[in-house]
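# Fold and geometry: a report
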Amino acid sequence: MEVAPAPLVASRFREEFPIFEHTTYLNSCSQGALSPRVRRAYQEYLEGWDANGAEWGHWVERAEAMRAVFARLLHASTHEIAVVTSVSQAVSAVLSAIRFEGTDRRRIVISEHEFPSIGQIAHAQELRGAEVIHVLPERDGSIPPEKFAEVVDERTALVCCTTVSYRTGHRHDIGEIARIAHERGALCLADSYQAVGAVDIDAHALGVDVLAGGTVKYLLASAGLAFLYVRGDALERLVPTQTGWFADADIFEMDISDYSPAADARRFEAGTPPVPNIYAGVAGASMIEEVGTPAIERHVELLGTRLLDGLEALGAPVVTPREPDQRGPLICVRSSDVDALVAALAAERIVVSSRDGNLRVALHLYNSEEDIDTLLVALSRHRALFG
Ligand SMILES: Cc1ncc(COP(=O)(O)O)c(C=O)c1O
């Protein structure tokens, strides 16, 4: 695919996001910016409801359209995708499919950079006989695959590693971590929420068994919608005990006499699909598909390099690595008072966020070189808050 140069991506999509008329928005790691397309999608849902009441046929069609979008974004097949309400729900369903008690594989290995849900769901399995091992970062914050190799062994059932750390912006070598997991007979799960939409993800090429993400951030839609990819050949051995009627082989059979989950990844779904969010999800992702994730990834990489150059010139304590293959759309800077720094920037209509004392600057298709320069000029005035 032809990859557009950085300024072209932003100039083509900028006017789709009214917030840029008055704000430098660099917070897609929390919430992607709102577009008229997504607003109209919600309106369309409401109008259909008003005109026809429950539009079950149309809703099911929208949910299948969403499944197809997620599949295309991950270079996967639709039968490998569950359309769910959150990453937390999806990962809980996956973990409910793994037996720990009374087996030789009781361990769940997780990176120290996991989002709270993943760590908490893993530790919840201690009630079911699991043991959780944390893989700690090196002094520079990185977690190279070798750190996983040190602890993943024949006692490991599952290895979890986030693709891009929501706390530091480090991007992990998921392909190699999956290879290590498989070599030792374990499954591998990647939480890709901080990557999908801004990074090209080929789930099959990565080799992971499970990959999850949602629409709130770089997929440009809103809360209450996520996806779960489960690799075709891992499906058969993962039969969830967390379930619901939309996970059944025949949803509208309405049979309460047994448990007969769908043969495909729909077995990880639960109740009524999040229909309004699906309307929005299809609209948000349409912009990602129009540009293409390889072009967005390249755009974000170039903006990231510009930002890192500027931060270096300011002497800022950058937490995220410089190498393009070790970072994604999120660049983090350590601050002595991050709340004050976020507030000072907000007062200048520059929207960023924070985690763990780090300022988080998130780059996406709509961001431009001007956004980076605006931020750098402001940061040069608030240098006292680096640290
Ligand atoms: C890496 C990561 N995983 C998971 C989540 C939360 O997912 P959900 O609320 O859909 O469970 C977030 C949200 O901030 C995240 O950044």
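Everything that follows concerns the structure shown earlier in this document.
Along each chain, numbering runs from 1 in the same order as the chain's sequence is written. Side-chain atom pairs in this predicted model are given and counted only at pLDDT of 80 or more, local residue features only at pLDDT of at least 70, and totals for whole chains, interfaces and linings cover all residues. To obtain the side-chain values, all non-hydrogen atoms of the structure were included, while hydrogens and water were left out.

A few words on the sheet that holds strand S7 (residues 210–214). Taken in spatial order, the 7 strands line up as S2-S8-S7-S6-S5-S3-S4 in an open sheet, and their pairing is mixed. Of all strands in the sheet, those bounded by a partner on one side alone are strand S2 (81–84) and strand S4 (131–135). If you compare each strand with its neighbour and ignore which way they point, the axes differ by 20° on average. Bridge count for S7 against strand S8 (residues 226–230) is 5 bridges, and the pairing is antiparallel. Note on S8: the bridge partner recorded for Gly 214 is Ala 226. Here, two residues are considered to be in contact whenever any of their heavy atoms come within 4.5 Å of each other. For helices, the fitted axis covers only the stretch in contact; all axes are lines through C-alpha atoms, and the angles between them, taken along N-to-C directions, range from 0 to 180 degrees. Each helix is a run of DSSP H or I of at least 4 residues and each strand a run of E of at least 2, with the numbering of both proceeding from the N terminus. Its contacts with the sheet put helix H7 (residues 174–183) on strand S5 (156–160) and strand S6 (187–191), and the angle it makes with S6 is roughly 155°. Strand pairing requires that DSSP identify at least two bridges connecting the strands.

Residues in close proximity to the ligand include Ser 86, Val 87, Ser 88, Phe 115, Tyr 166, Asp 191, Tyr 193, Gln 194 and Lys 217, which together make up its full environment. The definition of a polar contact used here is a pair of N or O atoms within 3.5 Å, where within protein one atom must be able to donate a hydrogen and the other to accept one, and adjacent residues in sequence count solely through side-chain atom pairs. Within the backbone of Val 87, a nitrogen or oxygen atom sits 2.8 Å from an oxygen atom of the ligand. Between the ligand and Gln 194 there is a distance of 2.8 Å, counted from an oxygen atom to a side-chain nitrogen or oxygen. Note that accessible areas follow from Shrake-Rupley with a 1.4 Å probe, and for residues the cover is restricted to the protein chains shown. Considered on its own, the ligand offers 400 Å² of accessible surface; in the complex 84% of this is hidden by protein. Its atoms largely coinciding with the cavity grid, the ligand occupies the largest pocket. Classification convention: Asp, Glu, Lys, Arg as charged; Ala, Val, Leu, Ile, Met, Phe, Trp, Tyr, Cys, Pro as nonpolar; all other residues, Gly among them, as polar. Its residues assigned to classes, the shell around the ligand comprises 4 nonpolar, 3 polar and 2 charged. For this description, a residue counts as near a given molecule or strand if any of its non-hydrogen atoms is within 4 Å of it. A pocket, in this scheme, is an open set of points on a 1 Å grid over the protein atoms alone with protein on both sides within 12 Å along at least 5 of 7 lines, while a cavity is a set where a 1.4 Å probe fits but cannot get out; residues line either one if an atom lies within 4 Å of a point. Think of it this way: if more than half of a molecule's atoms are within 2 Å of a pocket's grid points, that molecule is in the pocket or cavity.

Taken together, the side chains of Glu 138, Asp 140, Glu 146, Glu 150, Asp 173, Glu 323 and Asp 325 define an acidic patch exposed on the protein surface. With respect to the helices and strands, the residue Glu 150 is situated in the loop between helix H6 (145–149) and S5. Residues enter patches when they are more than 30% accessible in relative terms and free of salt bridges; like-charged ones are connected within 9 Å and nonpolar ones (Val, Leu, Ile, Met, Phe, Trp, Tyr) within 5 Å. Salt bridges, as used here, are contacts in which a Lys or Arg side-chain nitrogen is within 4 Å of a carboxyl oxygen on Asp or Glu. The positive count covers Lys and Arg only, the negative count covers Asp and Glu only, and His and the chain ends enter neither. Charged side chains are reduced to one point each, which is NZ for Lys, CZ for Arg, CG for Asp and CD for Glu.

What follows deals with a nonpolar patch on the surface. A cluster of nonpolar side chains, Trp 56, Val 60, Trp 245, Phe 252 and Met 254, forms an exposed patch at the surface whose accessible area comes to about 480 Å². Relative to the assigned elements, Trp 56 resides in helix H3 (residues 56–74).

So, on to the packing of aromatic side chains. Stacked, tilted and edge-to-face are the three classes applied to pairs of Phe, Tyr and Trp rings, where Trp contributes its six-membered ring and a pair requires centres within 6.5 Å; stacked means planes under 30 degrees apart, edge-to-face means over 60, and tilted covers the rest. Inspection of every chain in the model, using the stated rule, returns 14 aromatic pairs. Ring geometry for Phe 115 versus Tyr 166: centroids 5.0 Å apart, planes at 65°, classification edge-to-face. In this pair, Phe 115 sits in the loop between strand S3 (107–111) and helix H5 (116–124) while Tyr 166 sits in the loop between S5 and H7, placing the two residues 51 residues apart along the sequence. Exposed residues in this analysis have more than 50% of their type's maximum accessible area, buried residues have under 20%, and partly exposed residues fall in between, with area computed by a 1.4 Å probe over protein chains only. Taking the relative accessible area as the measure of exposure, Phe 115 reaches 35% and is therefore partly exposed. Under the relative-accessibility criterion, Tyr 166 is labelled buried at 10%. An aromatic cluster is built from Tyr 45, Trp 49, Trp 56, Trp 59, Trp 245, Phe 246, Phe 252 and Tyr 279, whose rings are joined through pairwise contacts. Sitting above the plane of the Tyr 193 ring, Lys 217 keeps its charged end 5.0 Å from the centroid. Two thresholds decide whether a charge sits over a ring: the Lys NZ or Arg CZ must be within 6 Å of the ring centre and within 35 degrees of the ring normal.

Now for the pairing of S6. Of all 5 residues that make up S6, 5 are buried, and the element is covered over most of its length. Burial along S6 is two-sided: Leu 187, Leu 189 and Asp 191 and Cys 188 and Ala 190, pointing in opposite directions, are all buried. Direction of pairing for S5 relative to S6: parallel, over a ladder of 3 bridges. Its bridge partner lying in S6, Cys 160 is registered against Leu 189. Once the chain exits S5 it traverses H7 before rejoining the sheet at S6, and the crossover so formed is right-handed. Pairing analysis gives 3 bridges linking S6 to S7, with the strands arranged parallel. The residue bridging Asp 191 from the neighbouring strand is Ala 212, located in S7. Here, the term right-handed applies to a crossover whose path from the first strand over the helix to the second runs clockwise when the strands point away from the viewer.

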